Amino acid sequence: MMPITFADKGTEYTIQKLSGNAEMKKHLADLGFVAGGKVKVISEIDGNLIVNVKESRIAIGRDLANRIMI
């Protein structure tokens, strides 16, 4: 298991777990990041990611991305 920040671009991964407090986990879930869901990194710039989750592209910062374990 590793944070999504270490993911290879273009490869689809399954989200294993989310870390952080309850508020942070709820925020991630509201964005579509849930355990068991599929996620793919589209691009990365300075640690910030654009990811494809649930048929949507979402930009997330490095701090938030480090809480998503694949």
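Look up a bit, the structure's there.
It should be emphasised that the depicted structure is a prediction, and the values quoted were computed from it without experimental measurement.

J.: What am I meant to see in the overall build of the protein here?
T.: Secondary structure summary: the protein contains two helices and six strands in total. Across the protein, helices and strands are ordered from the amino to the carboxyl terminus as β-β-α-β-β-β-α-β. Radius of gyration (C-alpha) of the protein: 11 Å, near the 11 Å computed for a compact globule of 70 residues. In terms of overall dimensions, the protein has C-alpha extents of about 30 × 25 × 25 Å along its principal axes. Across the 70 residues that make up the protein, the buried fraction comes to 33%. Restricting the contact set of the protein to residue pairs at least 6 apart, pairs at least 24 apart contribute 55%. Split by element, the accessible area of the protein, about 4300 Å² in all, is 48% carbon and sulfur.

J.: What's the story with the sheet that holds strand E5 (residues 56–60) in this structure? I'm lost.
T.: Note: strands within a sheet are paired through backbone hydrogen bonds, in either parallel or antiparallel orientation. Taken in spatial order, the four strands line up as E1-E3-E4-E5 in an open sheet, and their pairing is antiparallel. The open sheet terminates on both sides in strands that have one partner only, identified here as strand E1 (12–14) and E5. In this sheet, neighbouring strand axes are inclined to one another by 35° on average, regardless of whether the strands run parallel or antiparallel. Direction of pairing for E1 relative to strand E3 (residues 38–45): antiparallel, over a ladder of three bridges.

J.: Help me out: how do you make sense of unusual backbone geometry in this one?
T.: Leaving glycine out, the prevailing phi sign among residues is negative, and the prevailing peptide bond configuration is trans. Backbone geometry at Lys 54 places phi at a positive 50°, although glycine is not the residue there. Mapping Lys 54 onto the fold places it in the loop between strand E4 (48–53) and E5. With a phi angle near 65°, Glu 55 is a residue other than glycine that sits in the positive phi range. If you trace the backbone, Glu 55 turns up in the loop between E4 and E5. Judged by its relative accessible area of 80%, Glu 55 falls in the exposed class.

J.: Is there a simple way to think about the pattern of salt bridges in this case?
T.: Side chains carrying opposite charge are able to pair once their charged atoms draw close together. Inspection of every chain in the model, using the stated rule, returns one salt bridge. A salt bridge links Asp 30 to Lys 26; the shortest N-O distance between them is 3.0 Å. Note that Asp 30 and Lys 26 are positioned in helix H1 (residues 22–31) at a spacing of four residues, about one turn of the helix. An identical accessibility class is assigned to Asp 30 and Lys 26; each is exposed.

Conventions adopted
Each residue is numbered by its place in its chain's sequence as written, counting from 1. Per-residue local features of the predicted model are confined to residues with pLDDT of at least 70, and side-chain atom pairs are confined, for both listing and counting, to 80 or more; whole-chain, interface and lining totals are unaffected and use all residues. Side-chain metrics rest on all non-hydrogen atoms present in the structure, leaving aside hydrogens and water. Helix and strand labels come from DSSP, where a helix needs a run of H or I of at least four residues and a strand needs a run of E of at least two; each type is numbered from the N terminus. Only C-alpha atoms enter the radius of gyration, while the globule expectation follows 2.2 Å times N to the 0.38, with N the number of residues. Relative accessibility decides the category of a residue: with a 1.4 Å probe and only protein chains considered, values under 20% of the type maximum give buried, values over 50% give exposed, and everything between is partly exposed. Contacts: residue pairs with any heavy atoms within 4.5 Å of one another. Accessible areas in this description were obtained via Shrake-Rupley with a 1.4 Å probe; residue shielding takes into account the shown protein chains only. Strands qualify as paired when DSSP identifies two bridges or more between them. The angle between two axes is taken between their N-to-C directions and runs from 0 to 180 degrees, where each axis is a line fitted to C-alpha atoms and a helix contributes only its stretch in contact. Should a side-chain nitrogen of Lys or Arg be within 4 Å of a carboxyl oxygen of Asp or Glu, the pair is scored as a salt bridge.

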